[in-house]
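Close look at the chain arrangement
Now for the letters of each chain:
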Amino acid sequence: MDVAYKIAEFCRILRGLGMRVSASEMLDAAEALLMTDWSRPQHVKATLQATLVKRAIDIPVFQQAFTNFFVDGETKRKYCENYEDKHMTAQNELQKANADLTFQGNSLNVADDLKQVYMQIPEIDQERLRDFLHKTSSGHLVEGKFQPIVEKMITGSLEYWRRQLAENDALFPVELTGDEMIDPIIQTIANHLETSAQSLLHKDMQRISDHEIPVMLKLIKQLARMLSTQISRRYRHSSKNVKIDVRKTIRFNMRHGGAMFNLKYKAIEKAKPNLLLLCDVSGSMAKYAGFVLQFIYGLSNQTYNIESFIFAEDVERMTSHFAKKKSFADTMSQIMTQSAQWGKGTNLRKSLFNLKKQHPKVIQPSTVLVIVSDTKTVQSELAAKELAELRKKIKGIIWLNTLPETEWPRHKSVAYFQVITRMAPCNTLMDLTKIICSEIFHI
Amino acid sequence: MEMTLQQLRQAFETFGYITDDDVIMTTYLALVLQKPLLIEGAPGVGKTEMAKLLSSIFGTELIRLQCYEGLDESRALYEWNYQRQLLKIQLYKDCSISDLEKSLFDREYLLERPLLKALIAPQKVTLLIDEIDKTDEQFEAFLFELLSDFQISIPELGTVCAQQIPIVILTSNNERELSDGLRRRCIYLYIDYPSIKKEVAILEAKIPGIQRKLAREIAAALSIIRQCHEIDKKPAISETLDWARALIELSVDNLDGQAIQTTLGLLLKRENDLVAFHSQLGADPLCKMIKECLQKEWEA
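Everything in this summary refers to the structure shown in the same document. (Residues numbered from 1 in each chain as written. Chains lettered and ligands numbered in written order. Predicted model: local features only at pLDDT ≥ 70, side-chain atom pairs only at ≥ 80, totals over all residues. Heavy atoms only, no water.)

Next up on the list: the packing of aromatic side chains. Here the structure, examined in full by the defined rule, presents 12 aromatic pairs over all chains. Between phenylalanine 10 of chain A and phenylalanine 62 of chain A, the ring centres sit 5.8 Å apart and the planes meet at 75°, which makes this aromatic pair edge-to-face. Placement of phenylalanine 10 of chain A in helix 1 (residues 2–16) and of phenylalanine 62 of chain A in helix 4 (residues 59–69) is noted, with a sequence separation of 52 residues between them. Consider the rings of phenylalanine 10 of chain A and phenylalanine 70 of chain A, whose centres lie 5.3 Å apart with planes at 55°: the pair is tilted. Of this pair, phenylalanine 10 of chain A sits in helix 1 while phenylalanine 70 of chain A sits in the loop between helix 4 and helix 5 (73–100); the two residues are 60 residues apart in sequence, bridging distant segments of the chain. What makes phenylalanine 10 of chain A buried here is its relative accessible area of 1%. Taking relative accessible area as the criterion, phenylalanine 70 of chain A reaches 37% and is therefore assigned partly exposed. An aromatic cluster is built from Phe10, Phe62, Phe66, Phe69 and Phe70 of chain A, whose rings are joined through pairwise contacts. For the cation-ring pair, lysine 76 of chain A lies above phenylalanine 69 of chain A, with the distance from its terminal atom to the ring centre recorded as 4.3 Å. Stacked on the ring of phenylalanine 144 of chain B, the Lys or Arg arginine 185 of chain B has its end atom at 4.3 Å from the ring centre. (Phe/Tyr/Trp six-rings, centres within 6.5 Å; stacked < 30°, edge-to-face > 60°. Helix = DSSP H or I, 4+ residues; strand = E, 2+ residues; numbered from the N terminus. Buried < 20%, exposed > 50% of the residue type's maximum accessible area, 1.4 Å probe, protein only. Lys NZ or Arg CZ within 6 Å of the ring centre and 35° of its normal.)

Below is the structure:
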């Protein structure tokens, strides 16, 4: 019974760390442990790994989890104490933030995570925010109905600070269970994983440091290859699949006494879609653009029928650059030097309009449009309307959003575009991996 | 057919498959739990060899299904011998229809493909489903019943169950993401490139008579080349063995820049990789790095 409980607990921890472990795998693990020599920890580890881990990418997570889970009681007590201390500190900080962030005596409606950010910023900047709130609260003719405006301003300021503070963070995302015995262990494992190579998969691409770039680009290239294989396998019209449907042929030709006058064929496979890639290279996307272009470069090299465009204030065709089969570094260098759009503002509406006007041939019923952008564009509502018009003429639109998913509710532009497109987060390598595993391209 | 972990380990050594204890343990679990073994890893690390090895160890017939794009059940599982059926229809035109119809779907008109062969074999067999990632999602879904229950449904014949549970090995180069449904039905094994020590052991096992010094230098060279990010297609164990054999043929006792330069084509098979090797490593600097690497190994 004890062992069964331990296995279940371990599986819950693995799930909290983002691994997919089902009941079936848990049962396999239990069955396999019955045949394992428990006096040999290495065998127990190998047994659990063989039954619970189903992807190479999860192996380092499993190994760290095993190291931190199968420890003595004293160590586990320390995990719990550390966790409780942190929890208490966070609660105290939240209370202080609630007390500071007020407007005319009322607490501001600011998300708890942003209140945590407030407590982390330097004291001098906290003082500035308090001053601002105090002066605004006691301003001439300032009423309570101005509170939403003040909340927005404070939220915007704290968002900026969140990005600044997270510059050196390599967060390993976890899903806590609410169990006070399990959550400390999950958090301890995540802390260890943050310093490992595993954290690169979960790091926001714009925060990748220079020495990590080569590894990052390599991983993106592999992911692009996997995705392009998936797309082309799904849609490639293989000559091997042109087959006579013998049953239909026989049935149909019974009227001729069995002589095969008319051959019937099996249904033709779906036609290959044309991929139209539209990558945002504006200032806000500057740090992502390099990685995203590597992704497009990887896709272009493996899959046919891809038209590649970049846009910022206007749209530019890049297909010919990728078709030249140069190295990625040369291609990037050429694009950045020759492009008039790199690092400018974002005007998706104008870009889409000009795309339709200047390149009508890329807009076809079999076209799937893939947009890589953070949705921050001028006139976002009008851009959404333009996109909706375009949507009627093509097969579908996929939006790979480089904004972290937690920030989506705070941006109206996301809501506008989400209605018209299939939107998926795309700011970490893990997001890209999930996109490949998902059915988002099954249009 | 029953074998302990120790016996399996011994058998691996006897047949010259040098690998980590974890790999043997995982294989053992797949055998005792009678579950398919899904092996992932870069090309050339020994995934297909594992199936051949198990077939040799247990003295079973190896039935191989080489997967490719467009593979479907008519080529993987079964197909009716339509020509014979049509001939029969023509020959027995005047016979009673119900008798004719029944006999048209007898076993004698069934062309057994590898999966069905493995299921109906009277003795235990080893079924190798090689490079499953080359097929599509529909084919994967088709395999679910076979992998979980070792049975298959044929509309005209009913459910065909395995007479003996086969040893099932699936290999994948991870070119495409396999579905969760497939993964959860298998025991998972990831085979990475070997360490220097392991690679030396593999060289000595597969190429008897190779000098230990040369084997160590080759293993160190491969380890360094594999760490180079710019090289896309990293040389695998099969390339290591080819390279070692070539160097012996050329009577090379010590690796030097000249020997590496002349035989580089055996390791790196793409133009981009050759360019990357010359720009990032180079034959002579590689020799220096080999010496440093072996020095560190020795000190460790």
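With that out of the way, let us pick up the interface of chain A and chain B. Each side of the interface is counted separately: chain A has 43 residues, and chain B has 43 residues. Summed over both partners, the interface of chain A with chain B comes to about 3,700 Å²; 52% of that surface belongs to carbon and sulfur atoms. For the pair chain A and chain B, the number of links is four salt bridges. The partner of aspartate 180 of chain B in a salt bridge is arginine 55 of chain A, and the shortest N-O contact between them spans 2.7 Å. At the junction of chain A and chain B, the tally comes to 10 residue pairs in polar contact (both at pLDDT 80 or more). Listing elements by their share of the side of chain A that touches chain B, those giving two or more residues are helix 2 (23–33), helix 3 (41–52), helix 11 (213–235), helix 12 (246–253) and helix 19 (429–437) of chain A. Among the elements that take part in the side of chain A that touches chain B, helix 11 of chain A stands out by supplying nine residues, more than any other. (Contact = heavy atoms within 4.5 Å. Buried area = accessible area lost by both parts, 1.4 Å probe. Salt bridge = Lys/Arg side-chain N within 4 Å of Asp/Glu carboxyl O. Polar contact = N/O pair within 3.5 Å; in protein donor to acceptor, adjacent residues only side chain to side chain.)

Our focus in this paragraph is the packing of helix 1 of chain A against helix 4 of chain A. Residues and elements named next belong to chain A. Relative orientation of the contacting elements helix 1 and helix 4 amounts to 135°, with a least axis distance of 11 Å. Classed by the angle they form, the pair helix 1 and helix 4 counts as oblique. Our pair here, helix 1 against helix 4, has a crossing hand that is right-handed. Facing Lys6, Glu9, Phe10, Ile13 and Leu14 of helix 1, the residues of helix 4 in contact are Phe62, Ala65, Phe66 and Phe69. Of the residues that constitute the contact of helix 1 with helix 4, the class distribution is seven nonpolar, no polar and two charged. (Axes fitted to C-alpha atoms, helices over the stretch in contact; angles between N-to-C directions. Parallel < 35°, antiparallel > 145°, perpendicular 65-115°, else oblique. Left-handed = near helix turned anticlockwise from the far one by under 90°. Nonpolar A, V, L, I, M, F, W, Y, C, P; charged D, E, K, R; others polar.)

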